[in-house]
Amino acid sequence: MRKHVAALIGTAALIGAAVPAVVAAPASAASLRCEPVGHRYVVTKDEAPIHKTPSPRGKVIGHALKGHHVVSHYECNNSSGTWECLSDCQVSDNGPSTVYGHWIYRGYLKQG
């Protein structure tokens, strides 16, 4: 089941997939399609940035190191690509649309 969420996409958040942090993105006209998943990945980039929201333009709050194993709880797609939420994930379109969690760009991960 896919949820359509209108959210301002700043940057996605994930601090090494081990330290939880929650960040909300305020509503806007940008479209974000999300679905719950349980995929396991290995980080392929030397220092993959972790963002507050699923966007490359948002603030980087940490890094996941190459070889680190992570589990994605939500997978979201927007105009900047596919993003994986690794911890404290909530995607809500009830009331004001919000996106919570630690986000990493899918291009920095491989199945594992």
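Residues numbered from 1 in each chain as written. Predicted model: local features only at pLDDT ≥ 70, side-chain atom pairs only at ≥ 80, totals over all residues. Heavy atoms only, no water.

Asker: Any chance you could explain the environment of Cys 89 here in plain terms?
Answerer: Looking at the secondary structure, you find Cys 89 in strand 7 (residues 81-92). For Cys 89, a relative accessible area of 17% gives the class buried. The spacing of Cys 89 and Gly 101 is 12 residues in sequence and 4.3 Å in space, taken between C-alpha atoms. Ignoring anything within four residues of it in the chain, the contact list for Cys 89 reads His 73, Tyr 74, Tyr 100 and Gly 101. (Helix = DSSP H or I, 4+ residues; strand = E, 2+ residues; numbered from the N terminus. Buried < 20%, exposed > 50% of the residue type's maximum accessible area, 1.4 Å probe, protein only. Contact = heavy atoms within 4.5 Å.)

Asker: It is not clear to me how the state of the cysteines should be interpreted in this structure. Could you clarify?
Answerer: One covalent bond between the sulfur atoms of two cysteine residues makes up a disulfide. A complete count under the given rule lists 2 disulfides for this structure. Here Cys 34 connects covalently by a disulfide to Cys 76, the sulfurs 2.0 Å from one another. When the S-S torsion is 115°, as for the bridge of Cys 34 with Cys 76, the disulfide is right-handed. Of this pair, Cys 34 sits in strand 3 (residues 31-43) while Cys 76 sits in strand 6 (residues 69-78); the two residues are 42 residues apart in sequence, bridging distant segments of the chain. (Disulfide = S-S within 2.5 Å.)

Asker: Mind showing me how you'd approach the pairing of strand 4 (residues 47-56) here?
Answerer: For a regular strand, side-chain orientation follows a simple rule: the groups alternate between the two sheet faces. Summarising burial for strand 4: 7 of the 10 residues are buried, a large majority. Summarising the sheet, strand 4 and strand 5 (residues 60-65) pair through 5 bridges and their orientation is antiparallel. Its bridge partner being in strand 5, His 51 is matched across the sheet by Val 60. As consecutive antiparallel partners, strand 4 and strand 5 are separated by 3 residues. (Pairing = 2+ DSSP bridges.)

Asker: Is there a simple way to think about the environment of Leu 65 in this case?
Answerer: Within the secondary structure layout, Leu 65 lies in strand 5. Sequence spacing of Leu 65 and Pro 49 is 16 residues, and the spatial spacing of their C-alpha atoms is 9.0 Å. Those residues within four positions of Leu 65 in sequence are excluded, and the remaining contacts are Val 43, Lys 45, Asp 46 and Glu 47.

Asker: Is there a simple way to think about the confidence of the model for the chain in this case?
Answerer: Confidence in the prediction of the chain, expressed as mean pLDDT, is 75, and 73% of residues score 70 or more. The model gives residues 1-29 a pLDDT under 50, and that stretch makes 118 contacts with residues more than four places away or in other chains. (pLDDT = per-residue confidence, 0-100.)

Asker: What is the right way to read the environment of Val 91 from this model?
Answerer: With respect to the helices and strands, the residue Val 91 is situated in strand 7. Placed 59 residues apart in sequence, Val 91 and Leu 32 show a C-alpha to C-alpha distance of 9.8 Å.

Asker: Which parts of the structure should I look at to understand the packing of aromatic side chains?
Answerer: For any pair of aromatic rings, geometry is given as the distance between the ring centres together with the angle between the planes. The full count for this structure, using the stated rule, is 2 aromatic pairs. Ring centres 5.4 Å apart and planes at 75° place the aromatic pair Tyr 105 and Tyr 108 in the edge-to-face group. What makes Tyr 105 partly exposed here is its relative accessible area of 30%. Residue class for Tyr 108 comes out partly exposed when judged on its relative accessible area of 24%. Cluster of aromatic residues (ring-pair linked, three or more members): Trp 83, Tyr 105 and Tyr 108. (Phe/Tyr/Trp six-rings, centres within 6.5 Å; stacked < 30°, edge-to-face > 60°.)

Asker: Looking at this model, I keep getting lost on the nonpolar core. Mind explaining?
Answerer: The tendency in soluble globular proteins is for nonpolar side chains to be buried as a group. Formed by Leu 32, Cys 34, Tyr 74, Cys 76, Trp 83, Cys 85, Cys 89, Val 91, Val 99 and Trp 103, the largest nonpolar core amounts to 10 residues. Taken together, the elements giving at least two residues each to this core come down to strand 3, strand 6, strand 7 and strand 8 (98-105). Sorting elements by how many residues they give to this core places strand 7 first, with 4 residues. (Core = buried A, V, L, I, M, F, W, Y, C linked by side-chain atoms within 4.5 Å.)

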